[in-house]
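Here are the chains, one letter per residue:
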Amino acid sequence: MKLTTKLRTAILKAYQTYWEAYLKGDMKTFASLLDDNVSVFGTAVSEVFKNKKEAVRFYKTTADQMTGKAQFRKRNISLQPADDVIILKEQCDLYLLIDKKWRFYAHSRITAILQQSKTGWKLIHQHASFPDSKAEEGEQVAAKKIEKENLQLREAIKRRTVELEEKNRELEVEASLERVRAVAMSMSKEADVLRICQAVFTELSLLGLKDLRNALINFWDDEQQQLLDYDYSDFAGGHFARLDYNSHPAFDRFQKRVRKAKDAFAKLVIAKDELKSWKKRRKDSGEYNDPRLNKISALYYYFYSTGVGALGLSTFSPISKDNLELLKRFRNVFDLAYRRYMDVKKAEEQARESQIQLALERVRART
């Protein structure tokens, strides 16, 4: 096919009319320039069509995105005849209307194949693309940039995963604290302290604290010089015992540390050279037999003061700072609940005393 000036003018007119109709949203004119079996490869992921019907349906539903909002500038169009078709190649700049200002969007490359029909020139194929913005001069692909972006993406995913794990962990901890709080707030008598010990032990185990031996709540009885010891473990269940302050040198060390302040912390390590005497003290004090102590080289105690006593645990191996902080949060929950219990108990005792005094007053009045 010889490309005459007349033919060139007719083809360019059809091609430019096609794009003008597209940019104006004139779908009737746009559709009239498509062959029934046109193939289209656009720049969007879903912009691939095998015929005129598919293409027109898509461009009709998305016309509002482009109508009056897009322009082709710096257009460079060339024509190339090939048998009975004409190949048009265009490079141009695509501008979009954003915030009422025309802004450069991307450099565009368009290939179109037109073929003459009985009703004029029709597009039988169109392909549009944007060049790779990552590739620089002399590069076909920006492999190093992609590798760097992938690395940054992996790092971002890793950070996000850690953040989500931390948030999930905090949600687990809060749920555990709430369950212990519910048990502690329902306390109505001193014997209920064992239920709180059980709740603390259970929740610490669920939160993954390793080598946990038992959970403990202690109270000071300075009048009797005794420690009121509430103890729970899945091995032995719940136990209560009165332990003399002077029953073992470790008690002296323990009390000096934990009774320094209302929020004091004390760590007590029963080393190998003390284990024998510690086990004897437990037996003499009437505590339950724990054969697990025969298989260890040291026993670790961790306590946070509650003012009137302490809440803690014992383990067969040292625990981390995170777990110490976790124990402190359980102490705070118990401390608030126990103070409430004591306030209620005191109020009940005062009410009872008032009733007794009133009764006595009535007896005196009768007398």
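Model, not experiment: these values are computed from the prediction.

### Describing helix H3 (residues 52-61)
Part 1: Residues of H3 that are buried include every one of Ala55, Val56 and Tyr59, and no others. Angular distribution of buried residues about the axis of H3 spans 95°; they occupy a single face of the element. Opposite its buried face, H3 presents the exposed residues Lys53 and Thr61, each directed more than 90 degrees away.
Part 2: Buried residues along H3 sit against helix H1 (5-24), helix H2 (27-32), strand S1 (34-41) and strand S2 (48-49).
Part 3: At the N-terminal end of H3, a side-chain oxygen is found 3.2 Å from the backbone nitrogen of lysine 53, two or three residues along, and the residue is asparagine 51.

### Examining the side chain of serine 314
Part 1: Note on placement: serine 314 falls in strand S12 (residues 309-315).
Part 2: For serine 314, a relative accessible area of 0% corresponds to the buried category.
Part 3: A distance of 2.4 Å separates a polar atom in the side chain of serine 314 from a polar atom in the side chain of asparagine 214.
Part 4: Dropping the residues within four chain positions of it, serine 314 is found in contact with Asp211, Leu212, Arg213, Asn214, Leu216, Tyr300 and Tyr301.

### Digging into unusual backbone geometry
Part 1: One non-glycine residue, aspartate 83, lies in positive phi territory at about 55°.
Part 2: Relative to the helices and strands, aspartate 83 resides in the loop between strand S3 (70-82) and strand S4 (85-98).
Part 3: Residue classification places aspartate 83 among the exposed positions, given a relative accessible area of 71%.

### Some points on the environment of threonine 62
Part 1: By secondary structure assignment, the location of threonine 62 is in the loop between H3 and S3.
Part 2: C-alpha separation for the pair threonine 62 and glycine 25, spaced 37 residues apart in sequence, amounts to 9.3 Å.

### Points about the pairing of S4
Part 1: Judged by how many residues are buried, S4 sits mostly within the fold: 10 of 14 residues are covered.
Part 2: Count of turn residues in the S3/S4 antiparallel hairpin: 2 residues, of which aspartate 83 carries a positive phi of about 55°.

### A short note on the nonpolar core
Part 1: One finds Val200, Leu204, Ile217, Phe219, Leu313 and Phe330 to be the most contacted residues of the largest nonpolar core, which totals 37 residues.
Part 2: Listed by contribution, the elements that provide at least two residues to this core are helix H4 (143-185), helix H5 (193-206), strand S7 (212-221), strand S8 (226-233), strand S11 (299-305), S12 and helix H8 (321-366).
Part 3: Tallying contributions element by element places H8 first for this core, with 9 residues.
Part 4: Setting aside its immediate chain neighbours within four residues, phenylalanine 330 contacts Ser176, Leu177, Val180, Val200, Glu203, Leu204, Leu207 and Leu311.
Part 5: If you look at the next biggest cluster of nonpolar residues, it comprises 35 residues, including Ala21, Leu23, Met27 and Leu33.

### Looking at the sheet that holds S1
Part 1: Strands sit in the order S2-S1-S6-S5-S4-S3 across an open sheet of 6 strands; the sheet is mixed. If you trace the sheet from one side to the other, it starts and ends with S2 and S3, each paired once.
Part 2: Both strand S5 (residues 101-117) and strand S6 (residues 120-129) contribute to a ladder of 9 bridges, which runs antiparallel. Looking across to S6, one finds that isoleucine 113 is bridged to histidine 125.
Part 3: Running at roughly 145° to S3, H1 makes contact with S1, S3, S4, S5 and S6 of the sheet.
Part 4: Sheet strands in contact with H3 are S1 and S2, and its direction is about 65° off that of S1.

### Description of the sheet that holds S7
Across a sheet, strands are paired by hydrogen bonds formed along the backbone, either parallel or antiparallel in direction.
Part 1: One open sheet accounts for 6 strands, arranged S9-S8-S7-S12-S11-S10; its pairing is antiparallel. Either end of the sheet is taken by a strand with one partner, and the two such strands are strand S9 (237-244) and strand S10 (265-270). Geometrically, the sheet is characterised by an average inter-axis angle of 20° between neighbouring strands, direction not taken into account.
Part 2: With 7 bridges joining them, S7 and S8 adopt antiparallel strand pairing. Bridging from a neighbouring strand, alanine 215 pairs with tyrosine 232 of S8.
Part 3: Lying over the sheet, helix H6 (residues 249-258) contacts S7, S8, S9, S10, S11 and S12, oriented at roughly 165° with respect to S10.
Part 4: Across the face of the sheet, helix H7 (residues 272-284) comes into contact with S7, S9, S10 and S11 while running at roughly 100° to S10.

### Considerations on the confidence of the model for the protein chain
Part 1: On average, residues of the protein chain score 90 in pLDDT, and 94% of them are at 70 or above.
Part 2: Predicted confidence in the protein chain is weakest over H8, with a mean pLDDT of 79, and strongest over S1, with 96.

### Considering H6
Part 1: Along H6, the positions that sit buried rather than exposed are Ala250, Phe251, Phe254, Gln255 and Val258. For H6, the arc enclosing every buried residue in end-on projection is 130°, short of the 170-degree limit, so these residues lie on one face.

Parameters at a glance
Residues numbered from 1 in each chain as written. Predicted model: local features only at pLDDT ≥ 70, side-chain atom pairs only at ≥ 80, totals over all residues. Heavy atoms only, no water. Buried < 20%, exposed > 50% of the residue type's maximum accessible area, 1.4 Å probe, protein only. Helix = DSSP H or I, 4+ residues; strand = E, 2+ residues; numbered from the N terminus. Arc of directions from axis to C-beta. Contact = heavy atoms within 4.5 Å. Polar contact = N/O pair within 3.5 Å; in protein donor to acceptor, adjacent residues only side chain to side chain. Pairing = 2+ DSSP bridges. Core = buried A, V, L, I, M, F, W, Y, C linked by side-chain atoms within 4.5 Å. Axes fitted to C-alpha atoms, helices over the stretch in contact; angles between N-to-C directions. pLDDT = per-residue confidence, 0-100.

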